[in-house]
Amino acid sequence: MNEQNAAYLRALRCPVCGAPMQEDVNCGAGVLYCLGAKKHTYDRARSGYVHLSPRHSGGGDAKEAVRARTAFLSAGYYRVAAEGLCELVRRYLPRGLIVDAGCGEGYYTGALAACGEGAYELLGFDLSRDAVDAASRAARRTGVPAHYAVASLFELPLADESVDAIVNIFAPCAEGEFCRVLKPGGLLLLVGAGEKHLLGLKRALYENTYDNAERADLPADMTLCEQVTLRDEIEVEGRVQIAHLFSMTPYYWRTSPEDKRKLDTLERLKTEIEFDFKVYRKQ
């Protein structure tokens, strides 16, 4: 175990028995095992991630959805959200262990690693094995110092009060679990859709549009420190990227086939984007 991995390994707990975890660096790509009586072991995948959700054999985004998100986000359309996230994290946390709960393909995890310049250790969890695999491959390819594991954000394989901050970006907010693993005074940074987010996309799909409602799962027992809303307008070019954006939204599952076909002839789509940031502190 090297110094760079110290905080990451100290925080991890066996998802079966809750014992602390250790890494056997002599076993190829590395094996994690717990220090409990039964020494439960967890092999790393070739890309580097480890599966720490034995009660969930699958879930989350499928491979095609992961590829679509990766292609869209890599094109920089949501750069303003990544920059806003980094600014807030730097302001509130000089250094420490950050968990990306619901990390997906690792776009925002990678942004935090880059902006932290070594000040942060990043640990991303997602229930989608395909998403975590993509995040791990990207981290290895680009040298991003982040660790990834398959796990539910409602059952994080982490010790009590072991994490300095959690970022939760377009993912459900599991307040009870987040409070369990956050240190006293630890931070939770929620990012979600603002009122006008993707209004242009909705105009292209529907005759009648509506503003997005406030999310219903905001923390009830944490202190709200700051709220920030970032707005921008983007022009998505090409039917493929427009389809990628659409597939990332909840509208993909709620829209009729007839309305979906309206996007087939679009070569450009202008739309508002709006991100709500909320910073909470555990007391």
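Everything below is about the structure shown above.
Everything numeric here is computed off the predicted structure, so don't read it as measured data. (Residues numbered from 1 in each chain as written. Predicted model: local features only at pLDDT ≥ 70, side-chain atom pairs only at ≥ 80, totals over all residues. Heavy atoms only, no water.)

**Student:** Go over the overall build of the chain, please, and point to the residues and values.
**Tutor:** Helices and strands together make up the secondary structure of the chain, namely ten helices and eleven strands. Expressed along its principal axes, the backbone C-alpha trace of the chain runs to roughly 60 × 40 × 35 Å. Relative to its 283 residues, the chain shows a buried fraction of 52%. Here the analysis covers contacts within the chain between residues at least 6 apart in sequence; of these, 70% occur between residues at least 24 apart. Accessible surface, the chain as shown: approximately 13,700 Å² in total, 47% of it carbon and sulfur. (Helix = DSSP H or I, 4+ residues; strand = E, 2+ residues; numbered from the N terminus. Buried < 20%, exposed > 50% of the residue type's maximum accessible area, 1.4 Å probe, protein only. Contact = heavy atoms within 4.5 Å. Areas by Shrake-Rupley, 256 points an atom, 1.4 Å probe, with all protein chains shown as cover.)

**Student:** Could you give me a rundown of the nonpolar core, with the residues and numbers involved?
**Tutor:** Generally speaking, nonpolar side chains in soluble globular proteins are found buried as a group. Of all hydrophobic cores here, the largest spans 52 residues; its most connected members are Phe-72, Tyr-78, Leu-85, Ile-98, Leu-112, Leu-189 and Leu-201. Ranked by size, the runner-up nonpolar core spans 35 residues in total, among them Cys-14, Cys-34, Val-50 and Ala-151. (Core = buried A, V, L, I, M, F, W, Y, C linked by side-chain atoms within 4.5 Å.)

**Student:** Run through the sheet that holds strand β2 (residues 31–34), naming residues and quoting values.
**Tutor:** Pairing is antiparallel across the open sheet formed by three strands, whose spatial order is β1-β2-β3. Of all strands in the sheet, those bounded by a partner on one side alone are β1 (21–24) and β3 (41–43). The mean angle between the axes of side-by-side strands here comes to 25°, regardless of whether they run parallel or antiparallel. (Pairing = 2+ DSSP bridges. Axes fitted to C-alpha atoms, helices over the stretch in contact; angles between N-to-C directions.)

**Student:** Describe unusual backbone geometry, and please don't skip the residues or the numbers.
**Tutor:** The backbone phi angle of Lys-39 is positive, close to 50°, even though this residue is not glycine. Its location among the elements puts Lys-39 in the loop between β2 and β3. A relative accessible area of 44% places Lys-39 in the partly exposed class.

**Student:** Could you give an account of the state of the cysteines, naming the residues involved and the relevant values?
**Tutor:** One pass over the full model with this rule turns up zero disulfides. Just so you know, Cys-103 is unpaired, no disulfide at all, and the nearest cysteine sulfur is the one on Cys-86, 15 Å from it. Classification of Cys-103 by relative accessible area gives buried; the value is 5%. Among the cysteines around Cys-173, which has no disulfide bond, Cys-179 carries the closest sulfur, lying 8.4 Å off. (Disulfide = S-S within 2.5 Å.)

**Student:** How would you sum up the pattern of salt bridges? Please name residues and give values.
**Tutor:** Inspection of the entire model under this criterion finds 17 salt bridges. Between Asp-164 and Lys-183 there is a salt bridge; the shortest N-O distance is 3.0 Å. With Asp-164 in strand β8 (residues 163–169) and Lys-183 in strand β9 (residues 182–193), the pair connects residues that are 19 residues apart, well separated along the chain. The exposure class of Lys-183 is partly exposed, given its relative accessible area of 32%. Each of Glu-87, Arg-91 and Glu-226 takes part in a single network of salt bridges with overlapping partners. (Salt bridge = Lys/Arg side-chain N within 4 Å of Asp/Glu carboxyl O.)

**Student:** Break down the packing of helix α2 (residues 63–74) against helix α8 (residues 239–247) for me, with residues and values.
**Tutor:** The geometry of a pair of packed helices is captured by two quantities: the angle between their axes and the separation between those axes. Orientation of α2 relative to α8, taken along the N-to-C sense of each, is 115°, at an axis distance of 9 Å. Our pair here, α2 against α8, has a crossing hand that is left-handed. Where α2 abuts α8, its residues Ala-68, Ala-71 and Phe-72 lie against Gln-241, His-244, Leu-245 and Ser-247. Residues belonging to the contact of α2 with α8 are distributed by class as follows: four nonpolar, three polar and no charged. (Left-handed = near helix turned anticlockwise from the far one by under 90°. Nonpolar A, V, L, I, M, F, W, Y, C, P; charged D, E, K, R; others polar.)

**Student:** Explain the sheet that holds strand β5 (residues 96–101) residue by residue, including any values.
**Tutor:** Strands sit in the order β4-β7-β6-β5-β8-β9-β11-β10 across an open sheet of eight strands; the sheet is mixed. Each edge of the sheet is formed by a strand with only one pairing partner; in this case those strands are β4 (50–51) and β10 (223–237). As judged from the 14 bridges shared by β10 and strand β11 (residues 268–281), these two strands associate in the antiparallel manner. Bridge pairing in β11 places Glu-235 opposite Lys-270. Along the sheet, helix α5 (residues 129–142) makes contact with β4, β6 (120–126) and β7 (146–150), crossing β7 at roughly 165°.

**Student:** Go over the pairing of β11, please, and point to the residues and values.
**Tutor:** With ten of 14 residues buried, β11 lies mostly within the body of the structure. Relative to β11, β9 runs antiparallel, the two sharing seven bridges. Within β11, the residue paired with Gly-192 across the bridge is Asp-276.

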